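Fold and geometry: a report
Here is how the chains run, residue by residue.
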Amino acid sequence: MALLRRFEALSVQAQIVVVALVCDPIGFAAGYLLAPEFGLEPIVGGAYGLVAASLPLSLLVLREASR
């Protein structure tokens, strides 16, 4: 829980950067590795993974906009 408090203590800009630095590589790698299972080229899967990884970032921005 201390890590969550430290994250929320950051400015909104810093939170966006942290979320992007964590989620984008994970999303790309997951999409790249899972794409052949669905009959897609790995690079296309990586692009889909990046799109899916943008969801937490969008939710963060929406949460901050509603404050």
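These lines cover the structure that appears in this document, whether it is placed above or below.

Per the secondary structure count, the chain includes 3 helices and 0 strands. A globule of 67 residues ought to have a C-alpha radius of gyration of about 11 Å, yet the chain, at 14 Å, is considerably larger. By sequence separation, contacts in the chain at least 24 residues apart represent 39% of the contacts at least 6 residues apart. Of the roughly 5,000 Å² of accessible surface on the chain, a fraction of 72% belongs to carbon and sulfur atoms. The averaged location of the 5 negative side-chain charges in the chain is 20 Å from the averaged location of its 4 positive side-chain charges.

So, about the packing of aromatic side chains. Evaluated as defined, the whole model comprises 1 aromatic pair. Seen from their ring centres, Phe 28 and Tyr 32 are 5.9 Å apart, and the 25 degrees between their planes marks the pair as stacked. Pair noted here: Phe 28 and Tyr 32 are both in helix α2 (residues 12–34), with a separation of 4 residues, about one helical turn. You can call Phe 28 partly exposed: its relative accessible area is 29%.

The next thing to look at is the pattern of salt bridges. All told, the structure shown has 2 salt bridges when counted by the stated rule. Where Arg 63 meets Glu 64, a salt bridge forms, and the shortest distance between an N and an O atom there is 3.3 Å. With relative accessibility at 30%, the residue Arg 63 sits in the partly exposed group. A salt bridge links Glu 64 to Arg 67; the shortest N-O distance between them is 3.6 Å. Bridged by salt links that share partners, the residues Arg 63, Glu 64 and Arg 67 form one connected network.

Counting through the fold element by element, Val 44 comes out in helix α3 (residues 42–65). C-alpha of Val 44 to C-alpha of Tyr 32: the two residues are 12 residues apart in sequence and 7.4 Å apart in space.

Here α3 is 24 residues long and its end C-alpha atoms lie 35 Å apart, about the 34 Å a rise of 1.5 Å per residue gives. Along α3, the largest kink reaches about 25 degrees and is centred on Leu 55; proline Pro 56 follows within four residues of it. Taken as a whole, α3 has its buried residues at Gly 45, Gly 46, Gly 49, Ala 53, Leu 60 and Glu 64. If you follow the buried residues of α3, they end up packed against α2.

In this section: the side chain of Gln 15. Note that Gln 15 resides in helix α2. In this structure the side chain of Gln 15 is engaged in a polar contact, spanning 3.0 Å, whose partner is the backbone oxygen of Phe 7. With residues near it in sequence (within four places) discarded, Gln 15 still touches Phe 7, Glu 8, Leu 10, Leu 60, Arg 63 and Glu 64.

Reading the values: the criteria
Residues numbered from 1 in each chain as written. Predicted model: local features only at pLDDT ≥ 70, side-chain atom pairs only at ≥ 80, totals over all residues. Heavy atoms only, no water. Helix = DSSP H or I, 4+ residues; strand = E, 2+ residues; numbered from the N terminus. Rg over C-alpha atoms; globule rule 2.2 N^0.38 Å. Contact = heavy atoms within 4.5 Å. Areas by Shrake-Rupley, 256 points an atom, 1.4 Å probe, with all protein chains shown as cover. Lys, Arg positive; Asp, Glu negative; His and termini not counted. Charge placed at Lys NZ, Arg CZ, Asp CG, Glu CD. Phe/Tyr/Trp six-rings, centres within 6.5 Å; stacked < 30°, edge-to-face > 60°. Buried < 20%, exposed > 50% of the residue type's maximum accessible area, 1.4 Å probe, protein only. Salt bridge = Lys/Arg side-chain N within 4 Å of Asp/Glu carboxyl O. Expected span 1.5 Å × (residues − 1). Bend = angle between axes of the 7 residues up to and from the residue. Polar contact = N/O pair within 3.5 Å; in protein donor to acceptor, adjacent residues only side chain to side chain.

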